Amino acid sequence: MKRQLTAILLFFPCLFFSCAENKESEKPVEEIKAYDLDFNWGEGGPNAFAAPGLWADANPEQHIKWYKDLGVNTIQTFIVSCNGYAWYKNGVVPEQPGLKYDFLPEMVKLGHKEGIKVMGYLCIGSNVRWGLENPDYSYGIPADRHIPYTQKYLDYLDAVIRDAVAKTGIDGFMIDWFYQPIRSSTGGKWLESEKQRFKEIMDKPFPGEENLSEEEYVLYSRRAIEACWDVIHTAAKETNSDCIIWLTCFDITHPHIVNSKMFQEIDWLMNEEGDLNKIDSIKSMVGKNTRLITCLANWNKKDAVEVVAGAIKNGVGLYGFVKPDSTSLLPPIIHYLSLPIDSFSGDDRNIATLARVYNGLQMEYVKH
């Protein structure tokens, strides 16, 4: 596998550019080399999400240097992380308590100077602050999906997206956990607010949990997600027609989203499982301009070298993410290049692999 990938990497000028030409521009399409230092997960909050204000002193200049050294052409950072607080100042959502820098706009400004796209992030299915402030519209505040797509929540998303896209200059944003809520906090009982949403979407009263068939639930779920998608898409594109909307799916073939209108309209679509076979299975369901991405992260237990080789072969973009350390960063990229890939494990091995691929280095490269 290593010799095979090394041979591929010798052709680096073609590696991250599609061999197929863009019909409109007649220029090669730049592939996606993305990463995220993930501000979602951390200590001190009421669940597994980071406490508000954790990493509030994150320095944009230091972050841009780390990402540049990694070799990315796309940074995914945050509009609002899962704790519900924003990573830019003076927006419609309160900023992370103690936010030292106007983080997201500064990341955009500095990233663009380096020719790097900067993307934000919104977790559609989970938001701790929303859950705490709107208990009648949220199934508690677990570190899991808990928000039904009521009109009240859609109005919130519309305001946040328009505000962030207009004020921060982001090239686009990732949307995550775009599935139905987990209702375990109520023992499976529906909130009155979601029963009302069912009536609005299905044009009939909610039949009761015990009378709701699986077929009807799937139909409701697809309609609810599509209505939410319409709000997200309209808010983003009306604010900036070039705004990239990036959907990540931990289950890209889930019946509530597969072969949906969203798949046709999304700009970037990622299978977070890292399974290239699943990406192949949905290729016929996406729009003609949709870019496909795979993911390297410790949770999906995929072999980094194998995934990279498959992604390159199939013209699929690459992405990875990991929680930072207490400094809001990780060791300098030279750390990951100073030892062979096999010296690392987990997310460190993923970073070591991507650092070589993104910088056009052979897999055997070691910086002495």
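Quick note: structure is the one above.
We now turn to the structure provided with this report.

So, how was this worked out
Residues numbered from 1 in each chain as written. Predicted model: local features only at pLDDT ≥ 70, side-chain atom pairs only at ≥ 80, totals over all residues. Heavy atoms only, no water. Pairing = 2+ DSSP bridges. Helix = DSSP H or I, 4+ residues; strand = E, 2+ residues; numbered from the N terminus. Axes fitted to C-alpha atoms, helices over the stretch in contact; angles between N-to-C directions. Contact = heavy atoms within 4.5 Å. Buried < 20%, exposed > 50% of the residue type's maximum accessible area, 1.4 Å probe, protein only.

The next thing to look at is the sheet that holds strand β4 (residues 74–76). Read around the closed barrel, the eight strands follow the order β3-β4-β5-β6-β7-β8-β9-β10; overall the barrel is parallel. Geometrically, the sheet is characterised by an average inter-axis angle of 25 degrees between neighbouring strands, direction not taken into account. Bridging between strand β5 (residues 117–123) and strand β6 (residues 172–176) involves five bridges; their strand directions are parallel. Pairing of C123 across the sheet is with D176, part of β6. Running at roughly 145 degrees to strand β3 (residues 33–37), helix α3 (residues 60–70) makes contact with β3 and β4 of the sheet. Along the sheet, helix α13 (residues 346–358) contacts β3, β9 (291–296) and β10 (317–322); its crossing angle with β10, the most-contacted strand, is approximately 145 degrees.

Attention now goes to the environment of I341. With respect to the helices and strands, I341 occurs in the loop between α12 (333–337) and α13. Remark: the alpha-carbon pair of I341 and A166, spanning 175 residues in sequence, is separated by 41 Å. Once residues lying within four places of it in the same chain are set aside, the contact partners of I341 are R349, A352, T353, R356 and M363.

What follows concerns unusual backbone geometry. A positive phi angle is found at D203, which is not glycine, with a value near 60 degrees. Here D203 is to be found in the loop between α7 (192–202) and α8 (214–239). By relative accessible area, which is 72% here, D203 ends up exposed. One non-glycine residue with positive phi stands out, namely N259, at about 55 degrees. Mapped onto the secondary structure, N259 falls in the loop between β7 (244–249) and α9 (261–265).

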